[in-house]
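Okay, here's what each chain looks like letter by letter:
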Amino acid sequence: QVQVVESGGGLVQPGASLRLSCAASGSIFRTIVMGWYRQAPGKQRELVATITSGGRTNYADSVKGRFTISRGNAKNTTYLQMNSLKPEDTAVYYCYAEVWSPARYVYWGQGTQVTVSS
């Protein structure tokens, strides 16, 4: 079994920064991709950023230049550094890990709330 746990959400003012953390643990043979999606009230879940095991990154156009995804020193961890936050970034942020464990599967975290408001 694989567990994915996020942390780091909170309430911040517009223009502030926040860093989300995500760790996947359990019977992981190899991690393929880790990433973040978000879902705002009344909207569909949307991709925010992804990072492959080789370090290749991908970002939604709405966060390019403001958000940075990275891998942690600890195995199967990833971070999302969010700068210049806007009210429209308010959402529940979900981390996911696509892994071989032993079958190829995607595991999701429980989500962490990010609220940007003055």
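Our subject is the structure that appears above.
Reading the values: the criteria
Residues numbered from 1 in each chain as written. Predicted model: local features only at pLDDT ≥ 70, side-chain atom pairs only at ≥ 80, totals over all residues. Heavy atoms only, no water. Salt bridge = Lys/Arg side-chain N within 4 Å of Asp/Glu carboxyl O. Helix = DSSP H or I, 4+ residues; strand = E, 2+ residues; numbered from the N terminus. Buried < 20%, exposed > 50% of the residue type's maximum accessible area, 1.4 Å probe, protein only. Phe/Tyr/Trp six-rings, centres within 6.5 Å; stacked < 30°, edge-to-face > 60°. Lys NZ or Arg CZ within 6 Å of the ring centre and 35° of its normal.

Caption draft 1: Layout of the pattern of salt bridges. Summed over all chains, the structure comprises five salt bridges. For Asp 89, the salt bridge goes to Arg 66, with nearest N and O atoms at 2.8 Å. Residue Asp 89 is found in the loop between strand 8 (77-82) and strand 9 (91-100), and its partner Arg 66 is found in the loop between strand 6 (57-59) and strand 7 (67-71); the two are separated by 23 residues along the sequence. Here Asp 89 and Arg 66 have matching classes, each one buried.

Caption draft 2: Structural view of the packing of aromatic side chains. The tally for this structure, following the rule as stated, stands at four aromatic pairs. Centroid distance Tyr 96 to Trp 108: 5.3 Å. Interplanar angle 35°. Geometry classified as tilted. Residue Tyr 96 is found in strand 9, and its partner Trp 108 is found in strand 10 (residues 104-108); the two are separated by twelve residues along the sequence. The exposure class of Trp 108 is partly exposed, given its relative accessible area of 38%. One aromatic cluster is present, formed by Tyr 37, Tyr 96 and Trp 108 through successive ring pairs. The lysine or arginine in question, Arg 19, covers the ring of Tyr 79, its NZ or CZ lying 4.1 Å from the ring centre. If you follow Arg 45 out to its NZ or CZ, it ends over the ring of Trp 108, 4.8 Å from the centre.

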